[in-house]
Amino acid sequence: QVQLVESGGGLVQAGGSLRLSCTYSSRAFDSFAMGWFRQAPGKERDFVSAVNYNGQNTDSTDSVKGRFTISRDNAKNTVYLQMSSLKPEDTAVYYCAVDSQPWRTRPPTRSSEYGYWGQGTQVTVSS
């Protein structure tokens, strides 16, 4: 089975925090980078953050640097996105994705580089 399940979304006031989780179905994905993307209504799906297969290299889009932290725990088959100082413009559906090829040292940032996607979790930040 190929399965990715996001959780942790919800409604939060500006300045608050949320932690998103993405659990995956197979230990095989321990050798793949994992990414978080988000899509607001009427807009493109945009890169947020990504982590490589062993958790040693990460990348994030400029708008979330210093506020969001990505991490992974391969023993738990889980990748996390810790979000702090949330802003209304962070409101979107957040998607977890698995890289299309294993063992990449630097995690990719383009959605086209990812092969499998979760169902998404809604994050709404009120002002």
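Reading guide: rules and limits
- Residues numbered from 1 in each chain as written.
- Predicted model: local features only at pLDDT ≥ 70, side-chain atom pairs only at ≥ 80, totals over all residues.
- Heavy atoms only, no water.
- Helix = DSSP H or I, 4+ residues; strand = E, 2+ residues; numbered from the N terminus.
- Rg over C-alpha atoms; globule rule 2.2 N^0.38 Å.
- Buried < 20%, exposed > 50% of the residue type's maximum accessible area, 1.4 Å probe, protein only.
- Contact = heavy atoms within 4.5 Å.
- Areas by Shrake-Rupley, 256 points an atom, 1.4 Å probe, with all protein chains shown as cover.
- Lys, Arg positive; Asp, Glu negative; His and termini not counted.
- Charge placed at Lys NZ, Arg CZ, Asp CG, Glu CD.
- Polar contact = N/O pair within 3.5 Å; in protein donor to acceptor, adjacent residues only side chain to side chain.

Draft legend 1. Representation of the overall build of the protein chain in the model. Regarding its fold elements, the protein chain presents zero helices and eleven strands. From first element to last, N terminus to C terminus, the protein chain shows the α and β order β-β-β-β-β-β-β-β-β-β-β. Relative to its length of 127 residues, the protein chain is compact, with a C-alpha radius of gyration of 13 Å against a globular reference of 14 Å. Dimensions of the protein chain, computed from C-alpha atoms along their principal axes, come out at roughly 40 × 30 × 25 Å. For the protein chain, buried positions account for 45% of its 127 residues. In the protein chain, once contacts between residues fewer than 6 apart in sequence are set aside, the share between residues at least 24 apart is 61%. Counting every atom, the protein chain has about 6,500 Å² of accessible surface; 43% of that belongs to carbon and sulfur. Charge separation in the protein chain, taken as the distance between the mean sites of 13 positive and 11 negative side-chain charges, equals 3 Å.

Draft legend 2. Looking closely at the side chain of Glu113. By the element assignment, Glu113 lies in the loop between strand E9 (92–102) and strand E10 (114–117). At 2.7 Å, the side chain of Glu113 and the side chain of Arg104 are in polar contact. Here the side chain of Glu113 touches Arg110 through a polar contact of 2.5 Å, side chain to side chain. Discounting chain neighbours no more than four positions away, the residues touching Glu113 are Asp99, Ser100, Arg104 and Pro108.

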